[in-house]
Amino acid sequence: MRTIMELKEERTLKLADHPLCDWLADESIAERDRLAVLPALAPFVLAFRDLNRWVLRYPHPASAFEEAINAHTREDETHAWLYLEDWRTLRMDEWLDWSPAEALWWTTAAPQTAAVRGVLPAFARIACCDGGDPVLRFCQAEVIESTGNVFFRHTAPVAARLSLATGSEYRYLGPYHLERESGHVETENAFDGLVLGPDERRRAAELTNRMFDVFEVMFDAFHAFATDHAQTGRPPRPEHPVRPWSGPRWTASQVLEFQYLSPSTDALRHAWLSRLAGEPLPCLAPSDALASVSYALATAV
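Draft legend 1. Representation of the overall build of the chain. A tally of helices and strands in the chain yields 16 helices and zero strands. Its C-alpha radius of gyration of 19 Å places the chain within 12% of the 19 Å reference for a compact globule of 301 residues. Counting only C-alpha atoms and orienting by the principal axes, one finds that the chain spans roughly 55 × 50 × 30 Å. Within the chain, the fraction of its 301 residues that count as buried is 52%. Across the chain, contacts joining residues at least 24 apart in sequence account for 81% of those joining residues at least 6 apart. Accessible area of the chain: about 13,600 Å², with a carbon and sulfur share of 55%. Between the centroid of the 29 positive side chains of the chain and the centroid of its 43 negative side chains there is a distance of 4 Å.

Take a look at the structure:
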């Protein structure tokens, strides 16, 4: 395991040199503008809740290793709510001024989110790629934690300074979240001291590098949004008019909450993740009657 942790540290140091990190640390850019990178994260951060619930988690943990991973997923699945909390505190709805249809465009069709949406299958297939091996899943989860720590190490000081000026707390982008993103999977040292065989070590290195490659793609996309929109103050708009919205006049954050966090859309999201994975997810879809009907309809399309 020491070899894999050394690889992780090497790739983490490389990611910390990404232009996004330099941009977030650039004090010539207003704090609020730097935190306005937040919308770029939406397709990944909001889907991350379900990835913890249905992909990373073991439905019937059979070892201390699997129990340790499950405990970690229960903490991580709460972070999407913090994300929407910061969205509203930073008044992203007002800045973006999106209609409900434009909010859906952002998470499903916007060119600015295409790269992030394009790597979501890599997360949906985590369990498929590790074959249920908790050691391999731990290695992939370690990359997620390490890259998160890189990002939040750079946003937390910015959020803390803005908090001093506004009196508001930004719990997702600020110190509150960073304190929960140590850069390691919190598993009570369950994986410390493991000795991997040659085949498992090779596979662990492959999956570790693969996950870091995915995050480099996302950091590229976040940086492009930062320079094109957050720094310039120009919110993204569809190139062509989107279909008129006939539903309630929701804000963008209300649309995102319903799309990604509402129990009424659980089964649809489960079916979507299963399609991204190309196989059934480790954890089953919600079992109540209404969800079961929705799931059947979603998978039949």
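Draft legend 2. Spatial organisation of the nonpolar core. Core analysis: the largest hydrophobic core is formed by 75 residues, its most contacted members being Y83 and F123. The element contributing the most residues to this core is helix α13 (residues 198-230), with 11 residues. The residues touching F123, leaving out its near neighbours within four places in the chain, are F44, L51, V55, I144, M211, V214, F215 and M218.

Draft legend 3. Region of interest: the environment of E216. Its location among the elements puts E216 in helix α13. Judged by its relative accessible area of 19%, E216 falls in the buried class. Distance from E216 to R249, taken between C-alpha atoms, is 36 Å for residues 33 residues apart in sequence. Beyond its immediate chain neighbours, meaning those up to four positions away, E216 contacts R11, K14, L15 and H18. Polar contacts involving the side chain of E216 include one to the side chain of R11, which spans 3.3 Å.

Draft legend 4. Broad picture of empty space enclosed by the protein. Summed over all chains, the structure comprises two cavities of 30 Å³ or more. The volume enclosed by the largest cavity comes to roughly 240 Å³. Lining the largest cavity are 18 residues, and of these F44, V45, G148, F152 and Y172 sit closest to its centre. Elements with a minimum of two residues in the lining of the largest cavity: α4 (42-56), α11 (134-166) and α13. The dominant element in the lining of the largest cavity, judged by the number of residues it contributes, is α11, at six residues. Residue composition of the lining of the largest cavity, by class: 12 nonpolar, four polar and two charged.

Draft legend 5. Up close: helix α6 (residues 79-89). Inspection of α6 places H79, A80, L82, Y83, L84, D86 and W87 among the buried residues, and these make up the whole buried set. Those residues of α6 that are buried are in contact with α4, α5 (64-76), α7 (92-96), α12 (175-178) and α14 (252-261). Of the residues flanking the end of α6, it is R91, one or two places downstream, whose phi is positive at about 60°.

Draft legend 6. Here's a closer look at the pattern of salt bridges. Scanning the entire structure with this criterion turns up 19 salt bridges. Put simply, E9 and K8 hold a salt bridge, and the shortest N to O gap is 3.6 Å. Overall, E9 belongs to the partly exposed group, its relative accessible area being 38%. Residues E85 and R171 are paired through a salt bridge, measuring 2.8 Å at the closest nitrogen-oxygen approach. Pair noted here: E85 is in helix α6 and R171 is in the loop between α11 and α12, with a separation of 86 residues, a long-range link. By relative accessible area, E85 is classed as partly exposed at 29%. Overall, R171 belongs to the partly exposed group, its relative accessible area being 25%.

Draft legend 7. The arrangement of the side chain of R57 in detail. In this structure, R57 sits in the loop between α4 and α5. Relative accessible area serves as the criterion here: at 16%, R57 is assigned to the buried category. Those residues in contact with R57 that lie beyond four places of it in its chain are N52, N70, T73, R74, E77, R137, P282 and C283.

Rules and cut-offs
The numbering scheme is per chain: residues are counted from 1 as the chain's sequence reads. In keeping with the predicted nature of the model, local features appear solely for residues at pLDDT of at least 70, side-chain atom pairs appear and are counted solely at 80 or more, and the whole-chain, interface and lining totals rest on all residues. Side-chain numbers come from the whole structure's heavy atoms, not from hydrogens or water. The secondary structure listing takes helices from DSSP runs of H or I that are at least 4 residues long and strands from runs of E that are at least 2 residues long, numbered from the N terminus. Radius of gyration means the value over C-alpha atoms here, while the globule rule gives 2.2 Å times the residue count to the 0.38 power. Type-normalised accessible area, obtained with a 1.4 Å probe on protein chains alone, sets the label of each residue: buried when under 20%, exposed when over 50%, and partly exposed for intermediate values. Contact between two residues is taken to exist if any of their heavy atoms lie within 4.5 Å; hydrogens are not considered. The protein chains shown are the only cover counted for residues, whose accessible areas, like all others here, come from Shrake-Rupley with a 1.4 Å probe. We score Asp and Glu as negative and Lys and Arg as positive, and we do not count His or the chain ends. The atoms used to mark charge sites are NZ of Lys, CZ of Arg, CG of Asp and CD of Glu. As used here, the term nonpolar core means buried Ala, Val, Leu, Ile, Met, Phe, Trp, Tyr and Cys residues forming a set that is joined through side-chain atoms within 4.5 Å. We define a polar contact as two N or O atoms separated by no more than 3.5 Å, with the added condition that, inside protein, one atom must be a possible hydrogen donor and the other a possible acceptor, whereas residues neighbouring each other in sequence contribute only through side-chain atom pairs. Using a 1 Å grid laid over the protein atoms alone, points where a 1.4 Å probe fits but cannot get out form a cavity; open sets with protein on both sides within 12 Å along at least 5 of 7 lines form a pocket; any residue with an atom within 4 Å of a point counts as lining. Grid points are joined across faces, edges and corners, and a volume is the space filled by probe spheres set on the points. For this classification, Asp, Glu, Lys and Arg are treated as charged, while Ala, Val, Leu, Ile, Met, Phe, Trp, Tyr, Cys and Pro are nonpolar and the rest, including Gly, are polar. The rule for a salt bridge is simple: a side-chain nitrogen of Lys or Arg has to be within 4 Å of a carboxyl oxygen of Asp or Glu.

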